[in-house]
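# Overview (structure and organization)
Residue-level listing of the chains:
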Amino acid sequence: MGGIGRSIARQLPQSSGVYDNPGVEFKAPKFRAYCLDAAKQYKKFIDAQGVPVVINAVDEPREAGINSWNRNFADSVEYLKILREAGLVASVDPMGDASGATNTDYTPFVDYVDVLSTHAWDLSARMMRLTVARKKILWLYNVGTDRYSWGFYNWRVGSNGRWEWELHGGRSGGNIDG
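Residues numbered from 1 in each chain as written. Predicted model: local features only at pLDDT ≥ 70, side-chain atom pairs only at ≥ 80, totals over all residues. Heavy atoms only, no water.

## Things to note about the environment of Ser7
Within the fold, Ser7 resides in helix α1 (residues 2–9). As a C-alpha pair, Ser7 and Glu25 span 18 residues in sequence and 10.0 Å in three-dimensional space. (Helix = DSSP H or I, 4+ residues; strand = E, 2+ residues; numbered from the N terminus.)

Laid out in structure tokens, this is it:
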């Protein structure tokens, strides 16, 4: 969704620096309406395909060290609200329970998503427990290339899957492409 938002923002004079100043798009008066309209069109297209789709609002939200594709907590929540208002199945993938730089609590993301995707490590323990307790879908990513994290850990914490990035990602720690 953030990619769609950046594409829309580039067309609006008030947010033309969206790649250098992530989040500036929300300062453009018409941005939210345009983004919601795009999300509704996307929903219509997805429904016509007849396949289940989960839309990731923002890739790895963070409060500092933001890349052009990241957004902070507040802007990520705004994208999630747009997705939900459009009727889309929404997700976000924070790397942990809090932003490392500012210690901003990221566990409230659970309230805004249908699917929460996070790293399978102790820095996400609260978010993983909260997601399962609230009967939301938990996905894990960047879980590594060992059998432990591919299988038993996902089962133990109640994850529904989504093992990516490292899955058959080449030589790593003695593992060979599958």
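## Focus on the pattern of salt bridges
Applying the stated criterion across every chain yields a total of nine salt bridges. For Glu85, the salt bridge goes to Arg32, with nearest N and O atoms at 3.2 Å. With Glu85 in helix α3 (residues 73–85) and Arg32 in helix α2 (residues 31–49), this pair connects stretches of sequence that are 53 residues apart. Taking relative accessible area as the criterion, Glu85 reaches 45% and is therefore assigned partly exposed. (Salt bridge = Lys/Arg side-chain N within 4 Å of Asp/Glu carboxyl O. Buried < 20%, exposed > 50% of the residue type's maximum accessible area, 1.4 Å probe, protein only.)

## Concerning α2
Helix length check: α2, at 19 residues, gives a terminal C-alpha distance of 27 Å against a target of 27 Å (1.5 Å per residue), a fit within 8%. Restricting attention to buried positions, one finds in α2 the residues Phe31, Cys35, Leu36, Ala39 and Ile46. Along the axis of α2, the buried positions cluster into a sector of 120°, meaning they face one direction only. Of the residues in α2, the exposed ones pointing more than 90 degrees away from the buried face are Ala33, Gln41, Lys44 and Ala48. Positioned one or two residues after α2, Gly50 has a phi angle of 70°, which is positive. (Expected span 1.5 Å × (residues − 1). Arc of directions from axis to C-beta.)

## Focus: the sheet that holds strand β1 (residues 55–56)
Spatially, the four strands line up as an open sheet ordered β1-β2-β3-β4, and their pairing is parallel. Among the strands making up the open sheet, the edge pair consists of β1 and β4 (137–141). Inspection of the sheet shows β1 paired to strand β2 (residues 90–92) by two bridges, in the parallel sense. Bridge pairing in β2 places Ile55 opposite Ala90. Lying over the sheet, α3 contacts β1 and β2, oriented at roughly 160° with respect to β2. (Pairing = 2+ DSSP bridges. Contact = heavy atoms within 4.5 Å. Axes fitted to C-alpha atoms, helices over the stretch in contact; angles between N-to-C directions.)

## Overview of the packing of α1 against α2
Two elements in contact, α1 and α2, have axes separated by 10 Å at closest approach and are oriented at 130°. Classed by the angle they form, the pair α1 and α2 counts as oblique. Between α1 and α2 lies a crossing of right-handed hand. The segment α1 lies against α2, with Ile4, Gly5, Ile8 and Ala9 engaging Phe31, Tyr34, Cys35, Ala38 and Tyr42. Among the residues forming the contact of α1 with α2, the class breakdown is eight nonpolar, one polar and no charged. (Parallel < 35°, antiparallel > 145°, perpendicular 65-115°, else oblique. Left-handed = near helix turned anticlockwise from the far one by under 90°. Nonpolar A, V, L, I, M, F, W, Y, C, P; charged D, E, K, R; others polar.)

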